[in-house]
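Structural overview for review
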Amino acid sequence: MIEIHAVTIDAADPYEIATWWSKATGLPLGEGDKPGDDEVMLRTKQDPFLLFIRVPEGKTVKNRIHLDVNGTEGRTRDQEVERLIGLGATVHDDRRQPDGTGWVTMLDPEGNEFCVCRSQAEREAQS
């Protein structure tokens, strides 16, 4: 057996993209992390945490792994999409369906894909 300790995301500027994800998720940066660092952590309540590391090459193809996220604090999927656009994310592929199901694939400011899914309340209301 193994346990997942961290999800590592390649980045051109680890501090900048970790700061963006901190604003998106409300999770704090690691203690002592600062601009210019080659590795910046986004702390979670328990493992796995998110680790952003500097790499020399830019992103050129679709991610092979991505995060699925959903709204909290009463925000719906659609409200969360709008909030994330306001933070600098872009819509890559809109898979929302007329019946309320589906998701939105978005890109963070460095072009990493992630999906915004329905909130727990939205899923329960449709059951």
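Please refer to the structure placed before this passage.
Residues numbered from 1 in each chain as written. Predicted model: local features only at pLDDT ≥ 70, side-chain atom pairs only at ≥ 80, totals over all residues. Heavy atoms only, no water.

Notes on the overall build of the chain
Condition: Numbering of helices and strands runs from the N terminus, with a helix taken as a DSSP run of H or I at least four residues long and a strand as a DSSP run of E at least two residues long. Just to be clear, the radius of gyration here is over C-alpha atoms, and the globule rule we use is 2.2 Å times residues to the power 0.38. Working definition: with a 1.4 Å probe on protein chains only, accessible area under 20% of the residue-type maximum means buried, over 50% means exposed, and in between means partly exposed. Here, residues are in contact when the closest pair of their heavy atoms is within 4.5 Å. Only the protein chains shown count as cover for residues, and the accessible areas themselves come from Shrake-Rupley with a 1.4 Å probe. We score Asp and Glu as negative and Lys and Arg as positive, and we do not count His or the chain ends. Where a charge sits is defined by one atom per residue type, namely NZ (Lys), CZ (Arg), CG (Asp) or CD (Glu).
Regarding its fold elements, the chain presents three helices and seven strands. In the chain, the succession of helices and strands from N to C terminus is β-α-β-β-β-α-β-β-β-α. Its C-alpha atoms give the chain a radius of gyration of 15 Å, within 12% of the compact-globule value 14 Å for 127 residues. Dimensions of the chain, computed from C-alpha atoms along their principal axes, come out at roughly 45 × 35 × 30 Å. Buried positions account for 31% of the 127 residues belonging to the chain. Counted over contacts in the chain with a minimum sequence separation of 6, partners at least 24 positions apart contribute 49%. Carbon and sulfur atoms form 53% of the exposed surface of the chain, whose accessible area is close to 8,100 Å². Here the chain holds 15 positive side-chain charges and 24 negative ones, and the gap between their average locations is 4 Å.

Examining the side chain of N63
Tracing the sequence through the fold places N63 in the loop between β3 (49–54) and β4 (67–70). Beyond its immediate sequence surroundings of up to four residues, N63 is in contact with N112 and E113.

Focus: the packing of helix α1 (residues 14–25) against helix α2 (residues 77–87)
Spelled out, the test is: Axis geometry follows a simple rule: fit a line to the C-alpha atoms, using only the stretch in contact for helices, then measure angles between N-to-C directions, giving values from 0 to 180 degrees. By definition in this entry, angles of less than 35 degrees are roughly parallel, angles greater than 145 are roughly antiparallel, angles of 65 to 115 are roughly perpendicular, and the rest are oblique. Helix crossings fall into two classes, left-handed where the near helix is turned counterclockwise from the far one by less than a right angle and right-handed where it is turned clockwise. Gly falls in the polar group here, along with every residue not listed as nonpolar (Ala, Val, Leu, Ile, Met, Phe, Trp, Tyr, Cys, Pro) or charged (Asp, Glu, Lys, Arg).
Running from N to C, α1 and α2 cross one another at 150°; their axes reach a closest spacing of 10 Å. Considering their axes alone, α1 and α2 lie roughly antiparallel with respect to each other. Crossing of α1 against α2: the hand is right-handed. Between α1 and α2, the contacting residues are W20, K23 and A24 on the first element and R83, L84 and L87 on the second. Of the residues that constitute the contact of α1 with α2, the class distribution is four nonpolar, no polar and two charged.

Observations concerning the nonpolar core
Put simply, the rule is: By convention a nonpolar core is built from buried Ala, Val, Leu, Ile, Met, Phe, Trp, Tyr and Cys residues, the set being connected through side-chain atoms within 4.5 Å.
Counting residues in hydrophobic clusters, the biggest one holds 19 residues, and the most contacted among them are W20, W21, F52, L84, M106 and F114. For this core, the elements supplying multiple residues, two or more each, are β1 (6–11), α1, β2 (39–42), β3, α2, β6 (104–107) and β7 (113–117). For this core, the leading source of residues is α1, giving five residues. Residues within four places of F52 in sequence aside, it is in contact with I9, P14, I17, A18, W21, D38, E39, V40 and L42.

Let's talk about unusual backbone geometry
For the bond from D47 to P48, the omega torsion is 0°, close enough to zero to count as cis. Of note in this structure, E73 is not a glycine but carries a positive phi near 55°. One can find E73 in the loop between β4 and α2.

Section: the environment of R77
Structurally, R77 is set in helix α2. As a C-alpha pair, R77 and T105 span 28 residues in sequence and 11 Å in three-dimensional space. The residues contacting R77, other than those within four sequence positions of it, are R96, G100, T101, G102, W103, V116, C117, R118 and E122.

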